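These are the residues of each chain, in order.
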Amino acid sequence: MEGTEAVTNGDGDGDGGDRPWQSYHTVYTTGKAGMEGVDKEKVQRVVYEMSKGSKYFENEERKEAFINQKIDNLRIQYAKLTQADLAHYHKVADRRIVELEASRDLSRIWLHVDMDAFYAAVETLSNPTLQGKPMAVGSMSMISTANYEARKFGVRAAMPGFIARKLCPELIFVPIDFKKYTHYSDLTRKVFRMYDPNFIAGSLDEAYLDITEVCKERNAKSEEIAQELRAGVYEETGLTCSAGVAPNRLLAKVCSDINKPNGQYVLPNDRMAVMTFVSSLPIRKIGGIGKVTEHILKEVFGINTCEQMLEKSSYLYALFSQSTAEFFCSVGLGLGQTGSPQVRFRKSISNERTFSATEDEVLLHKKLVELAEMLATDMQKEGLCGRTLTLKLKTASFEVRTRAVTLQQYISSSVDILKHAKKLLKAELPISVRLIGLRVSHFNGDRCSDPTQKTITNFITTGDANRNCSYFPDVADHDSVSDAETSLSIDSRQTTIQLDWRDPFVGNYLSDVDYQSCVFQKNGVEEVKTSSNDVTSSHQSGFTEAPGSTSFQGQFEGINVNNESKLLEDERNSCSQETTMLWLNDYKCSLCGIELPPSFVPERLEHSDFHLAEKLQKEESRIHLPSVPSRSRSQKDGIARQSKSKRQKLSQKEGKYTPIDYFFAKKES
DNA sequence: GCGGATCAC
DNA sequence: TATGGTGATCCGC
């Protein structure tokens with residue numbers, strides 16, 4: 001392959017020999033709990049055989065070559081260091097190590113809890129026949145968690161299912177079900193709260209607890225508290241967990257892994273104990289040191305254990321940034337965070353989807369529309385507005401690209417997201433991609449919407465932000481729709497039919513932005529998933545627990561409102577959530593059940609317009625809009641008329657699909 | 001501010 | 001047949 005000629009780095013892995021699989025560095029054989037008796041050589045061989053020749057594999061090879069290049073460069077720099085250089089960095093490093101040592105805090109006792117094979121354990125709980133059988137939660141593409149029976153075969157998280165099945169033909173696959181895991185996670189957190197009300201949730205299945213106070217109050221050893229907590233978790237959930245106790249979070253995490261599953265390990269708050277512990281600890285066990293960092297530190301500096309970080313500290317300061325070198329040294333000293341962190345807010349929100357690679361622009365556009373809508377919905381749920389939009393693409397050859405814009409104003413609506421996402425994507429065309437993602441960051445310090453605070457616009461148009469018109473039966477709040485709906489803020493842009501659907505990226509036609517689905521409003525109704533395998537993995541990370549996050553006051557001042565239509569749109573964003581007419585399983589209309597395959601793009605477009613027209617007609621016949629400014633009222637009437645005529649066309653065809661040539665002929669506009 | 005990369009779960 | 005999704009951070013421009 002061009003540019004990837006073997007970069008011999010002398011790590012003894014010899015590429016071309018009779019064991020080619022040894023040079024394929026996967027993450028699957030690094031010692032994880034439950035993998036002790038595994039024949040790593042065999043796993044490595046199977047993974048290699050299954051991957052060899054694939055696009056994914058080729059990309060991994062490119063990445064590996066790139067890292068080896070980097071290693072070679074570092075080695076050259078290393079060799080070039082003069083005595084004077086080294087003397088200098090020796091001083092720098094030593095001084096810093098003394099400072100770090102002085103900052104050591106042995107006053108706190110931290111406990112890290114980690115549920116054992118969490119998803120798999122939950123699934124076994126709800127289906128006991130899985131007990132004792134090798135099982136994995138996930139799909140043929142990706143495994144999230146494997147139970148311990150499966151791990152004996154080398155099956156593990158992040159491994160694609162089809163490889164896992166090769167390793168273990170008996171393997172049972174269970175689809176992922178976040179709702180279930182969230183439920184059990186909540187149960188565990190109830191227990192955690194009793195030991196530290198301010199515990200830090202790392203994810204659904206792990207948490208950090210500062211048990212200093214509990215130990216003091218109850219005059220108990222940390223070991224006893226850990227034991228009791230684990231018993232409590234088991235009692236509450238029927239699930240086992242492991243715990244690690246140490247003077248800081250970094251070490252506590254390492255410790256929880258030591259006697260996994262269903263075990264615990266206590267590292268006492270004693271400097272010597274910590275130093276001894278760290279002296280033989282492989283660096284890969286440290287959170288933040290992954291496959292690549294481990295590789296570099298080993299190949300360039302000969303570092304394998306945390307202790308060696310200190311021995312090589314001068315070189316680390318010479319070749320890495322100060323903050324990186326400092327992190328490495330603190331690891332060598334066994335230091336870690338001991339304070340309870342301040343409340344942290346999320347810094348970005350994103351979504352991405354993988355699909356079979358395509359360069360079909362209509363299809364790509366459709367994906368973009370779906371992502372923009374999902375993202376806008378998520379943002380509105382949290383009242384977020386951001387001004388940086390990032391498009392992520394993964395090409396058919398697994399190369400990842402990101403393209404970003406930072407805007408003058410904050411955005412949150414799907415229309416705005418889509419508008420800018422389209423520009424970013426268009427600049428990359430033509431391209432064959434297998435993944436598209438969107439991310440919004442650079443948030444407005446304030447929440448964009450706060451139902452309790454009336455902005456000018458939602459006051460004018462709705463009178464009451466909590467009473468949105470609802471198309472779907474509102475199961476959550478019966479009071480809200482008892483009388484005539486008070487808002488009918490369907491943006492004209494959302495109803496526009498895109499005429500030249502074969503090139504969705506050429507720009508905007510009748511209006512600002514073309515749009516493929518009609519968007520209705522609802523309030524308090526659980527969203528409908530767009531497809532069966534759609535995992536809205538509402539990652540329960542630390543900040544979701546953050547106290548005070550709900551008390552954040554929304555302010556309108558920060559949002560740049562420049563014209564009337566923007567005003568309308570802000571109103572729509574700030575007072576309600578959106579619901580789209582969805583294609584269930586990407587196939588079936590969520591409103592009438594009619595089936596239309598994804599490839600029928602124009603037909604679908606027409607179909608969603610049909611439903612919009614239907615809705616508008618219904619509402620027109622029974623709603624009188626109070627206190628709506630005349631401008632927006634007339635706009636809405638205009639749309640209604642337009643959509644109604646469309647609906648008549650459709651009804652002439654008795655609601656059947658329109659023949660495809662109709663869409664070609666329709667170009668007259 | 002952007003884009004690539006790494007990392008964790 | 002087939003290698004995920006979300007969020008954070010760091011580095012070098």
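Just above sits the structure.
So, here is what we can say about the structure in this document. (Residues numbered from 1 in each chain as written. Chains lettered and ligands numbered in written order. Predicted model: local features only at pLDDT ≥ 70, side-chain atom pairs only at ≥ 80, totals over all residues. Heavy atoms only, no water.)

A word on unusual backbone geometry
For the bond from Lys260 to Pro261, the omega torsion is -5°, close enough to zero to count as cis. Note that the residue after Leu429, namely Pro430, is joined by a cis bond; omega there is -5°. Note that Pro430 resides in the loop between α17 (414–426) and β12 (433–443). Of note, the phi angle at Asn262 is positive, near 55°, even though the residue is not glycine. Inspection of the secondary structure puts Asn262 in the loop between α10 (249–256) and β8 (264–266). Of the residues examined, Asn262 reaches a relative accessible area of 47% and is grouped as partly exposed. (Helix = DSSP H or I, 4+ residues; strand = E, 2+ residues; numbered from the N terminus. Buried < 20%, exposed > 50% of the residue type's maximum accessible area, 1.4 Å probe, protein only.)

Quick look at the pairing of strand β6 (residues 206–210)
For β6, a buried count of 5 out of 5 residues is recorded, marking the element as mostly surrounded by other parts of the structure. Residues Glu206, Tyr208 and Asp210 line one face of β6 and the alternating positions Ala207 and Leu209 line the opposite face, and both faces are buried. Judged from the 5 bridges that link them, strand β1 (residues 110–115) and β6 form a sheet pairing that is antiparallel. Its bridge partner lying in β6, His112 is registered against Tyr208. What sits between the antiparallel neighbours strand β5 (residues 200–203) and β6 is a turn of 2 residues. (Pairing = 2+ DSSP bridges.)

Some points on the sheet that holds strand β11 (residues 400–411)
Reading across from one edge, β9-β12-β10-β11 is the order of the 4 strands in this open sheet, with antiparallel pairing throughout. Of all strands in the sheet, those with a lone pairing partner are β9 (348–358) and β11, marking the two edges. Strand-to-strand twist in this sheet, taken as the mean axis angle between neighbours without regard to direction, amounts to 15°. Bridge count between strand β10 (residues 386–395) and β12: 9 bridges; the pairing is antiparallel. In the sheet register, Lys392 faces β12, and the bridge partner there is Gly437. This element, helix α16 (residues 361–382), spans β9, β10, β11 and β12 of the sheet and lies at about 160° to β9. (Axes fitted to C-alpha atoms, helices over the stretch in contact; angles between N-to-C directions. Contact = heavy atoms within 4.5 Å.)

A look at the sheet that holds β8
Taken in spatial order, the 5 strands line up as β5-β6-β1-β7-β8 in an open sheet, and their pairing is mixed. A strand with exactly one partner marks an edge of an open sheet, and here the two such strands are β5 and β8. Across the sheet, the axes of successive neighbouring strands diverge by a mean angle of 15°, strand direction being ignored. Here strand β7 (residues 241–246) pairs with β8 via 3 bridges, running parallel. Residue pairing in the sheet places Gly244 in a bridge with Tyr265 of β8. Of the strands in this sheet, β1, β5 and β6 are in contact with helix α7 (residues 178–195), which crosses β6 at around 15°.

Quick notes on the packing of aromatic side chains
A full pass over the atoms with the stated rule returns 16 aromatic pairs. Geometrically, the ring pair formed by Phe192 and Phe199 is edge-to-face, given 5.7 Å between the ring centres and 75° between the ring planes. Looking at Phe192, the relative accessible area reads 3%, which means it is buried. What makes Phe199 buried here is its relative accessible area of 5%. Considering the side-chain rings of Phe327 and Phe328, the 6.0 Å spacing of their centres and the 45° angle between planes classify their relative orientation as tilted. The exposure class assigned to Phe327 is partly exposed, which follows from its relative accessible area of 29%. Cation over ring: Arg151 sits above Tyr148, and NZ or CZ is 4.3 Å from the ring centre. (Phe/Tyr/Trp six-rings, centres within 6.5 Å; stacked < 30°, edge-to-face > 60°. Lys NZ or Arg CZ within 6 Å of the ring centre and 35° of its normal.)

Focus: the protein's contact with DNA strand C
Near DNA strand C you find 31 residues, and of these Ser51, Ser321, Arg344, Thr354 and Arg434 are the closest. A share of 64% of the atoms of DNA strand C within 4 Å of the protein falls on sugar and phosphate groups. Contact distances for DNA strand C include 2.4 Å between a phosphate oxygen and a side-chain N or O atom of Arg344. At 2.9 Å from a phosphate oxygen of DNA strand C is found a main-chain nitrogen or oxygen belonging to Ser348. Those elements that provide at least two residues to the surface near DNA strand C are α6 (161–167), α15 (322–332), β9 and β12. Examining the composition of the surface near DNA strand C, we find that 7 residues originate from one element, β9, more than from any other. Classifying every residue of the surface near DNA strand C gives 11 nonpolar, 12 polar and 8 charged. (Near = heavy atom within 4 Å. Polar contact = N/O pair within 3.5 Å; in protein donor to acceptor, adjacent residues only side chain to side chain. Nonpolar A, V, L, I, M, F, W, Y, C, P; charged D, E, K, R; others polar.)

Considerations on the protein's contact with DNA strand B
Lining the immediate environment of DNA strand B, one finds 22 residues, of which Ser203, Lys253, Thr293, Ala404 and His442 sit closest. Near the protein, meaning within 4 Å, the atoms of DNA strand B are sugar or phosphate in a fraction of 100%, with bases accounting for the rest. Between DNA strand B and Asp205 there is a distance of 3.4 Å, counted from a sugar or linking oxygen to a side-chain nitrogen or oxygen. In the model, a phosphate oxygen of DNA strand B is placed 3.0 Å from a nitrogen or oxygen of the Gly288 main chain. Of all the elements in the fold, those that place two or more residues in the surface near DNA strand B are α12 (291–301), β10 and β11. The residue inventory of the surface near DNA strand B, partitioned by class, reads 6 nonpolar, 9 polar and 7 charged.

Some words on the pattern of salt bridges
Using the criterion set out here, one finds 27 salt bridges in the structure. Across the salt bridge formed by Lys260 and Asp114, the nearest N and O atoms sit 4.0 Å from each other. One end of the pair, Lys260, is in the loop between α10 and β8; the other, Asp114, is in strand β1, with 146 residues separating them in the sequence. You'll find Lys260 and Asp114 in the same group, each marked buried. Close ionic contact of Lys285 with Asp257 constitutes a salt bridge, the shortest N to O distance being 3.9 Å. One end of the pair, Lys285, is in the loop between α11 (271–279) and α12; the other, Asp257, is in the loop between α10 and β8, and 28 residues separate them in sequence. (Salt bridge = Lys/Arg side-chain N within 4 Å of Asp/Glu carboxyl O.)

With respect to the nonpolar core
Core analysis: the biggest nonpolar cluster contains 43 residues, and Leu251, Phe277, Ile286, Leu297, Met309 and Leu316 have the highest contact counts within it. Counting only elements with at least two residues in this core, the list comes to α2 (55–80), α3 (83–102), α10, α11, α12, α13 (306–311), α14 (313–319) and α15. Looking at this core element by element, the count peaks at 5 residues for α10. Among all residues touching Leu316, those that are not within four sequence positions of it are Leu297, Phe301, Ile303, Met309, Ala325 and Phe328. The next biggest cluster of nonpolar side chains, apart from the first, holds 39 residues, and it includes Tyr195, Val214, Cys215 and Ala220. (Core = buried A, V, L, I, M, F, W, Y, C linked by side-chain atoms within 4.5 Å.)

Some thoughts on helix α9 (residues 222–237)
End to end, α9 covers 22 Å across 16 residues, agreeing with the expected 22 Å (1.5 Å per residue, within 8%). Listed in full, the buried residues belonging to α9 are Ser222, Ile225, Ala226, Leu229, Arg230, Val233 and Thr237. Taken around the axis of α9, the buried residues stretch over an arc of 130°, which confines them to a single face. The first or second residue beyond α9 is Gly238, which carries a positive phi of 80°. (Expected span 1.5 Å × (residues − 1). Arc of directions from axis to C-beta.)

Everything listed is a geometric property; what it means functionally is a separate question.
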